[in-house]
Amino acid sequence: MKIMILVSNFRINIERFSSLFDYELPKSVTHQLLLAALVSLLQLSLIAPIDAQETTKSNPVVRNMVTFCVMGDVPYKPEEDVLLPRQIAEIPNEAEFVIHVGDIKTGSAPCDEAVYQKVSGMLRKTVAPVFIIPGDNEWNDCTNPAEAWVFWEQYFMRFDRQWNHHLPVFRQLEREENFSFVKGDVLFVGLNIVGGRIHDAAEWKKRHADNIEWIRRNLQQFGSKVSSMVIFGHAHPNVGHIDFFVPFVKEALKFKKPILYLHGDGHKWTHDRPFFPAQNILRVQVDQGGIAPPLKVTITNHETKPFHFDRRKAKEKSVPQ
Ligand SMILES: [Zn+2]
């Protein structure tokens, strides 16, 4: 299928774009859907830095609801095996939990059990409870994804249970790596959504459908009670995720309140609103762990700008993916 679309002065050859991501366009996806999705993915609108002190008439007192730390794509290089434990020891006390958004090794390193064991041992030293979601490097992109998943389950499934904490965690019955909890008026949802190759098209489709279902169920249950929502995923959105992000945008438009999609995968700090027309979704891609310490996120009760980020002295440089 070859389609040329003109979107905001971007001429896109979908065939080439999709082959870039090793993605075969599903026949069920209509041209209209593709256009909507591409507009969503390519529309860039930078927003002004957030003023933590800002108040509105309807929301006169801005107060912090919850603080946590997020890391991703670490440890990669041998020196990061030394760096990560140090970063973990320096996680601010106010972090109520920590999340690793996937990729616990480089794509080229073998998916040996020792890697899962090593990283799980490092993360367990964290004072606050740690949640972790799968990255493509330790599962989807492995030579033997089935074997890699056994290791992932063994070392990381329900990882937060290693701590004695009081967060009211739910797990999706059909997919236990997906979790959710409400803390400080914020709904947190963790998803298995990875980048990398499409190792199994049916598996990707089913997982994306499960992810949307999990978001819908949580919004049904908690949507009216919370002031914002945070989605944790690994994937930097691309055409391989259209069947997830198109319905996600629809849910966001219905929810209306602020949403943060927080992910890894691309290694460089990104802060934008690419999901047109759902301008209530802020997307943040975290710095790779070798570039910056875990990102500190503070969420307030502000009606439109609740998300605040502290990169904690991040160096402005990129590293190979
Ligand atoms: Zn990745």
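See the structure above.
Counting restarts for each chain, with residues numbered from 1 along the sequence as it is written. Totals for whole chains, interfaces and linings use every residue, but because this is a predicted model, local features are given only for residues with pLDDT of at least 70 and side-chain atom pairs only at 80 or more, for both listing and counting.

Q: I would appreciate a short explanation of the overall build of the chain in the present structure.
A: A count of helical and extended segments in the chain gives seven helices and 14 strands. Three classes are used. A residue is buried when 20 or more other C-beta atoms lie within 10 Å of its own, exposed when 12 or fewer do, and partly exposed in between, with C-beta atoms placed from the backbone. Counting all 321 residues of the chain, 39% fall into the buried class. The long-range fraction of contacts in the chain, counting pairs at least 24 apart against all pairs at least 6 apart in sequence, stands at 75%. Secondary structure elements follow DSSP: runs of H or I of four or more residues count as helices, runs of E of two or more count as strands, with numbering from the N terminus. What counts as a contact is two residues whose backbone-derived C-beta atoms lie within 7 Å of each other.

Q: Explain the environment of glutamate 213 to me, please; I cannot follow it from the model alone.
A: Turning to its location among the elements, glutamate 213 is positioned in helix 6 (residues 201–222). Distance from glutamate 213 to proline 247, taken between C-alpha atoms, is 9.9 Å for residues 34 residues apart in sequence.

Q: Got a minute to help me understand unusual backbone geometry in this structure?
A: Generally, phi is negative for residues other than glycine and the peptide bonds are trans, each holding for most cases. Each neighbour pair has its own omega, and for valine 74 with proline 75 the value is 0°, a cis peptide bond. Note on placement: proline 75 falls in the loop between strand 3 (64–71) and helix 3 (80–89). Cis rather than trans, the peptide bond between phenylalanine 276 and proline 277 has omega equal to 5°. Turning to its location among the elements, proline 277 is positioned in the loop between strand 11 (270–272) and strand 12 (281–285). Phi is positive for aspartate 73, which is not a glycine, with a value near 55°.

Q: What am I meant to see in the sheet that holds strand 14 (residues 307–310) here?
A: Backbone hydrogen bonds are what pair the strands of a sheet, in a parallel or an antiparallel way. Reading across the sheet, the five strands line up as 5-4-3-13-14 and stay open at both edges, with mixed pairing between neighbours. The open sheet is flanked by strand 5 (130–132) and strand 14, the only strands paired with a single partner. Taking the axes of each pair of neighbouring strands and ignoring which way they run, one obtains an average angle of 25° across the sheet. With four bridges connecting them, strand 13 (residues 295–300) and strand 14 associate as antiparallel partners. Across the sheet, residue lysine 296 finds its bridge partner in strand 14, namely aspartate 310. When DSSP locates at least two bridges between a pair of strands, those strands are taken to pair. Helix axes use the C-alpha atoms of the stretch in contact, all axes being lines fitted to C-alpha atoms, and the angles between their N-to-C directions lie in the range 0 to 180 degrees.

Q: Would you mind showing me how to read helix 3 here?
A: Residues spaced three or four apart along an α-helix face the same direction, because each turn holds 3.6 residues. Of all the residues in helix 3, the buried ones are Glu80, Leu84, Gln87 and Ile88. Angular distribution of buried residues about the axis of helix 3 spans 100°; they occupy a single face of the element. Every exposed residue of helix 3 that faces more than 90 degrees away from the buried side is listed here: Val82, Arg86 and Ala89. Where helix 3 is buried, its residues meet helix 4 (113–123). The arc refers to the directions leading from the helix axis to the C-beta atoms.

Q: Is there a simple way to explain the packing of helix 6 against helix 7 (residues 242–255) in this structure?
A: For any two helices packed against each other, one specifies the inter-axial angle together with the distance between the axes. At a closest axis distance of 9 Å, the pairing of helix 6 and helix 7 adopts a crossing angle of 10°. Classified by the angle their axes make, helix 6 and helix 7 are roughly parallel. Residues Lys205, His208, Asn211, Ile212, Ile215, Arg216 and Leu219 of helix 6 touch helix 7, and the partners they reach there are Asp243, Phe244, Pro247, Phe248, Glu251 and Phe255. Any angle between 65 and 115 degrees counts as roughly perpendicular, while under 35 counts as roughly parallel, over 145 as roughly antiparallel, and the rest as oblique.

Q: It is not clear to me how the packing of helix 4 against helix 5 (residues 145–156) should be interpreted in this structure. Could you clarify?
A: Across the interface, helix 4 lies against helix 5 with an axial gap of 9 Å and an inter-helix angle of 20°. With respect to their mutual orientation, helix 4 and helix 5 come out roughly parallel. Crossing of helix 4 over helix 5 shows right-handed handedness. Residue-level inspection shows Glu113, Tyr116, Gln117 and Ser120 of helix 4 in contact with helix 5, the latter providing Phe151, Trp152, Tyr155 and Phe156. By the definition used in this description, the sense in which the near helix is turned from the far one sets the handedness, with an anticlockwise turn below a right angle giving left-handed and a clockwise turn giving right-handed.

Q: Explain the sheet that holds strand 9 (residues 228–232) here, please?
A: If you trace the seven strands from one edge of the open sheet to the other, you get 6-7-8-9-10-12-11, paired in mixed fashion. Strands with a single pairing partner mark the edges of an open sheet, and in this sheet they are strand 6 (170–172) and strand 11. Adjacent strand axes in the sheet meet at a mean angle of 20° when their direction is disregarded.

Q: I would appreciate a short explanation of helix 7 in the present structure.
A: Residue count minus one, scaled by 1.5 Å, sets the expected span of a helix. The first and last C-alpha atoms of helix 7 sit 20 Å apart over 14 residues, in line with the 20 Å expected at 1.5 Å per residue. Taken together, the buried positions of helix 7 are Ile242, Asp243, Phe244, Phe245, Phe248, Val249, Ala252 and Phe255.

Q: Is there a simple way to think about the pairing of strand 7 (residues 175–183) in this case?
A: Each regular strand shows side chains that alternate between the opposite faces of the sheet. With three bridges connecting them, strand 6 and strand 7 associate as antiparallel partners. Counted as the bridge partner of glutamine 172 is arginine 175 from strand 7. Bridge analysis of strand 7 against strand 8 (residues 186–190) gives five bridges, and the strand direction is antiparallel. Across the sheet, lysine 183 pairs through a bridge with valine 186, a residue of strand 8. Linking strand 7 back to strand 8 in an antiparallel pair, the connection comprises two residues, with glycine 184 at a positive phi of about 55°.

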